Amino acid sequence: MASGGDDLQSPKKRKHDAVGKPKSLAKGGDDGKKRKRPSDANVARGGGGGEVKKQPVTAKEKRLAAKEMAESRKKKRKQNYSLEKELTVLWEKMRCHSVSKGERSKLVSEALHKMDGKYLEITGSHVTARVLQTCVKWCSQSERDAIFEALQPDLLILSRKKYAVFLVKKLIKLATKKQFEWFISTLHGCVAKLLRHTIGASVVDCAYQRATQPQKRRVLLELYSTELQLFTDLTAQKTHSLLETISNLGLQKSSVLQYMTTVIHPILEKGIVEYPIVHTALLEYFTIADKTSASDVIRQLIPLLTQGSSIIDGDEPSAPELQNKMKAKKKRLPEPLLVQIMNTREGLKIGISCLKHGSVKDRKKIIKSLKGHIMKLALSDYGCILLISILSIVDDTKLVTKVVIQELAKHLKQLIFDKNGRRPLLQLLHPLCSSYLPPADLACLNYRVPSLISKDEAPESTTEVITENRVDVATNKEQDGSEGMHSANDSKKDPLQRRKELLMKSELAEALIQTCVENVGELLRTNFGKDVLQEIAVGGKDSVLEGMTDRIHSLHNAIASDAARPKTEDTEHAFDNYHSSRVIRKLVLESPAFAAILWKEALEGKCETWADGHRYL
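Model, not experiment: these values are computed from the prediction.

Scoring rules and cut-offs
- Every residue gets a number counted from 1 within its own chain, in the order that chain's sequence is written.
- Reporting of local features is limited, given that this is a predicted model, to residues whose pLDDT is at least 70; pairs of side-chain atoms are given and counted only at 80 or more, and all residues count toward the totals for whole chains, interfaces and linings.
- To obtain the side-chain values, all non-hydrogen atoms of the structure were used and water was disregarded.
- The secondary structure listing takes helices from DSSP runs of H or I that are at least 4 residues long and strands from runs of E that are at least 2 residues long, numbered from the N terminus.
- A simple rule labels every residue: compare its accessible area, found with a 1.4 Å probe on the protein chains alone, to the largest value its type can have, and call it buried under 20%, exposed over 50%, or partly exposed in between.
- We call two residues in contact whenever any of their non-hydrogen atoms come within 4.5 Å of each other.
- The accessible surface values rely on the Shrake-Rupley method and a 1.4 Å probe; as for residues, cover is taken only from the protein chains in view.
- UniProt positions are given in the numbering used here, feature names are shortened, and annotations may be inferred rather than shown by experiment.
- The convention used is that axes are lines fitted to C-alpha atoms, helices contributing only their stretch in contact, and that angles between N-to-C directions extend from 0 to 180 degrees.
- Small angles under 35 degrees read as roughly parallel and large ones over 145 as roughly antiparallel, with 65 to 115 read as roughly perpendicular and the rest as oblique.
- Helix crossings are classified by the rotation of the near helix relative to the far one: an anticlockwise turn of less than a right angle makes the crossing left-handed, while a clockwise turn makes it right-handed.
- Any residue that is not Ala, Val, Leu, Ile, Met, Phe, Trp, Tyr, Cys, Pro, Asp, Glu, Lys or Arg is counted as polar, Gly included; the first ten are nonpolar and the last four charged.
- Nitrogen and oxygen atoms within 3.5 Å of one another constitute a polar contact, given that in protein one can donate a hydrogen and the other can accept it, and given that sequence-neighbouring residues count only through two side-chain atoms.
- Only buried residues count toward a nonpolar core, which is a set of Ala, Val, Leu, Ile, Met, Phe, Trp, Tyr and Cys residues joined through side-chain atoms within 4.5 Å.
- Salt bridges, as used here, are contacts in which a Lys or Arg side-chain nitrogen is within 4 Å of a carboxyl oxygen on Asp or Glu.

Concerning the overall build of the protein chain
Thought 1: Scanning the protein chain for helices and strands turns up 38 helices and 2 strands.
Thought 2: The buried share among the 617 residues of the protein chain stands at 44%.
Thought 3: Within the protein chain, residue pairs in contact and separated by at least 24 positions form 70% of the contacts whose partners lie at least 6 positions apart.
Thought 4: Accessible surface, the protein chain as shown: approximately 34300 Å² in total, 51% of it carbon and sulfur.

Structural notes on the environment of aspartate 494
Thought 1: With respect to the secondary-structure elements, aspartate 494 resides in the loop between strand 2 (477-478) and helix 31 (495-505).
Thought 2: Residue aspartate 494 is classed as partly exposed on the basis of its relative accessible area, which comes to 41%.
Thought 3: In this structure, the C-alpha to C-alpha distance between aspartate 494 and aspartate 395, residues 99 residues apart in sequence, is 8.9 Å.

Points about the UniProt feature "repeat: Pumilio" (unreviewed entry) in the protein chain
Thought 1: Mapped onto the present numbering, the UniProt feature "repeat: Pumilio" (unreviewed entry) falls on residues 369-406.
Thought 2: Regarding residues 369-406, the helix share stands at 71% and the strand share at 0%, and the terminal C-alpha atoms are separated by 15 Å.

Observations concerning the packing of helix 28 (residues 422-429) against helix 34 (residues 529-537)
Thought 1: Orientation of helix 28 relative to helix 34, taken along the N-to-C sense of each, is 20°, at an axis distance of 10 Å. Classified by the angle their axes make, helix 28 and helix 34 are roughly parallel. In this structure, the crossing between helix 28 and helix 34 has a hand that is left-handed. In this structure, helix 28 contributes Arg422, Leu426 and Leu429 to the contact, and helix 34 contributes Asp531, Val532, Glu535 and Ile536.
Thought 2: Within the contact of helix 28 with helix 34, the residues separate by chemical class into 4 nonpolar, no polar and 3 charged.

A word on helix 31
Thought 1: Of the residues making up helix 31, those classed as buried are Arg498, Arg499, Glu501, Leu502 and Leu503.
Thought 2: Packed against the buried residues of helix 31 are helix 25 (383-393), helix 26 (397-409), helix 28 and helix 32 (508-518).
Thought 3: Between the side-chain oxygen at the start of helix 31 and the backbone nitrogen of leucine 496 there is a gap of 3.2 Å, and the oxygen is on aspartate 494.
Thought 4: Looking at the residues trailing helix 31, positive phi occurs at glutamate 507, about 65°.

Examining the side chain of threonine 401
Thought 1: For threonine 401, the position within the fold is in helix 26.
Thought 2: Once you skip the residues sitting within four places of it in the chain, threonine 401 turns out to touch Gln406, Leu502 and Ser506.

As for the nonpolar core
Thought 1: Met115, Phe286 and Ile559 are the most contacted members of the largest nonpolar core, which totals 160 residues.
Thought 2: The residues contacting isoleucine 559, other than those within four sequence positions of it, are Val520, Leu524, Leu533, Ala537, Ile584, Leu587 and Phe594.

Notes on the packing of helix 8 (residues 141-151) against helix 10 (residues 164-174)
Thought 1: It is at 11 Å that the axes of helix 8 and helix 10 come closest, and there the two elements cross at 125°. Between helix 8 and helix 10, the crossing angle belongs to the class labelled oblique. Considering the relative orientation of helix 8 and helix 10, their crossing is left-handed. For the pair helix 8 and helix 10, contact is made by Arg144, Ile147, Phe148 and Leu151 and by Leu167, Leu171 and Leu174, respectively.
Thought 2: Its residues assigned to classes, the contact of helix 8 with helix 10 shows 6 nonpolar, no polar and 1 charged.

So, the environment of leucine 387
Thought 1: Positionally, leucine 387 belongs in helix 25.
Thought 2: Here leucine 387 falls in the buried class, since its relative accessible area comes to 0%.

Some thoughts on helix 25
Thought 1: With 10 of its 11 residues buried, helix 25 lies for the most part within the structure.
Thought 2: Every buried residue of helix 25 is listed here: Gly383, Cys384, Ile385, Leu386, Leu387, Ile388, Ser389, Ile390, Leu391 and Ile393.

Some words on the pattern of salt bridges
Thought 1: A complete count under the given rule lists 17 salt bridges for this structure.
Thought 2: Measuring nitrogen to oxygen at the nearest pair gives 2.5 Å for the salt bridge that ties arginine 422 to aspartate 531. Of this pair, arginine 422 sits in helix 28 while aspartate 531 sits in helix 34; the two residues are 109 residues apart in sequence, bridging distant segments of the chain. The pair formed by arginine 422 and aspartate 531 is uniform in burial state, with each residue classed as buried.
Thought 3: The closest approach of N and O atoms between glutamate 501 and lysine 493, which form a salt bridge, is 3.0 Å.
Thought 4: On the accessibility criterion, glutamate 501 (10% relative accessible area) is buried.
Thought 5: Salt bridges linked by common partners bring Arg345, Arg423 and Asp441 together as one network.

As for unusual backbone geometry
Thought 1: Phi angles above zero are rare outside glycine, and glutamate 507 is one such case at about 65°.
Thought 2: With respect to the helices, strands and loops of the structure, glutamate 507 is situated in the loop between helix 31 and helix 32.
Thought 3: With a phi close to 55°, serine 543 is a non-glycine residue in the positive phi region.
Thought 4: Looking at the element boundaries, serine 543 is found in the loop between helix 34 and helix 35 (549-563).

This is the structure we're talking about:
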């Protein structure tokens, strides 16, 4: 056995020979560590058999390596990535305000030259679509015509794209009359489909707002009936009133109602109710809708119009994750849709119809949604009319005081001197006065959905519509069992009592009088401020300020004291000023108490001084 050679060694011999020798390498790599494969980037650069690139160690090297890897991936993923980077550099230069007109024209021409033949591909990227949109804005008319001609066959398709839609709207706004007429003709048969599309609806509304009255009729009539959508000749009507269209063309009212229901309900389900064309279509729909159909539409509208409102009265969820979601939603929707649509008369009518024909719970929801936006409404042309409607309809004066009156009381001086801001205050002092509200605004305040007017309030012209759906007075339900909707005059509270609660209990009247006393000279001499001053000085209509005689007398004294001041070159005297002289004359005729104070303070022994002018007779 021993003669077998060196293959067989004793354990001591093997242990002795192993001393001083390096340990055997672990399987898979050096030092027992897992062997790292060369990176894909190194292999792509010829790695494997060649030199391996040094791995990044510092944070800066890692950032540069990650940026390089992202760039390589974008080049593979995006077909026009290099072109996009070149256009971005040009875009940053051309959109600067400091660049000259000639330099901008050169940059725009260079960008369009690079994009030539690739317009359709470029509109799909959020970066290059903005570049092309800027070029359309600043380019020459010939260049704009070339872009329109290149995209002309695909404009309706681009109207549904997330980024290209802004380019389409820019082309519509800057299109020539011939190009715009062509676009209106291409919309024929597609209006209802686009209005149901969350992105395409904005394109239809953009075209509708720029269109002439005949073009608007052509767009709207497609929403009324299938026949009007299929045959172009039938849309050549002189009026877009739905009732007149049905009468002139001999259409069946039931079929029109059925078709419009199929058009409107998908729009409401998707929440696309911020556009004036949708408001106009809804108002026309109300003219032929029965009570059930109109009530369903209003019930769908109210949640949509109150979206985005702030949480009040302890309705905020307690869970932290829900609170975070609500905060994110508030960022997306800073104000309710009801506030946003108060820029047209049609939007105002939609808001008033929801307020009048909604239930008591719906009215509270609408008012709560307006918290924090009262001043914006009060200072706008149509928003102030919505506030007037709230002050005239809602019986819950505590809620109205909390949401509306308290916010108005913080900015009384600004409201009194503003053309629109003074109107809600004047509504409480002198309701529905034609001197302060034009006929068009009074018509909006009196607007009602014909089929939802109660029998006692129905005018003779709407009797036939109402008798189709009779309401059981005892149960306030229709014959089919659905709950009836309240109208504006269904408010149980007496109008005078409501005005007194809003003025007296909320202490708004006290604040108004104090503001008038402090700014009496300025109010007397301004066109809008004098109206509020006059109504308060006479105690309001129906003596709504009864019980505040002492405070009103202090206002009389302030007016008389201003009139008793001697003439100066700096300020026009109250008897000489156009506005103040007329206010004082009206107060003398309507308030004997003020006439006595004025005589004692300003006129006694001084009549000869003022007898020469025609304003003093």
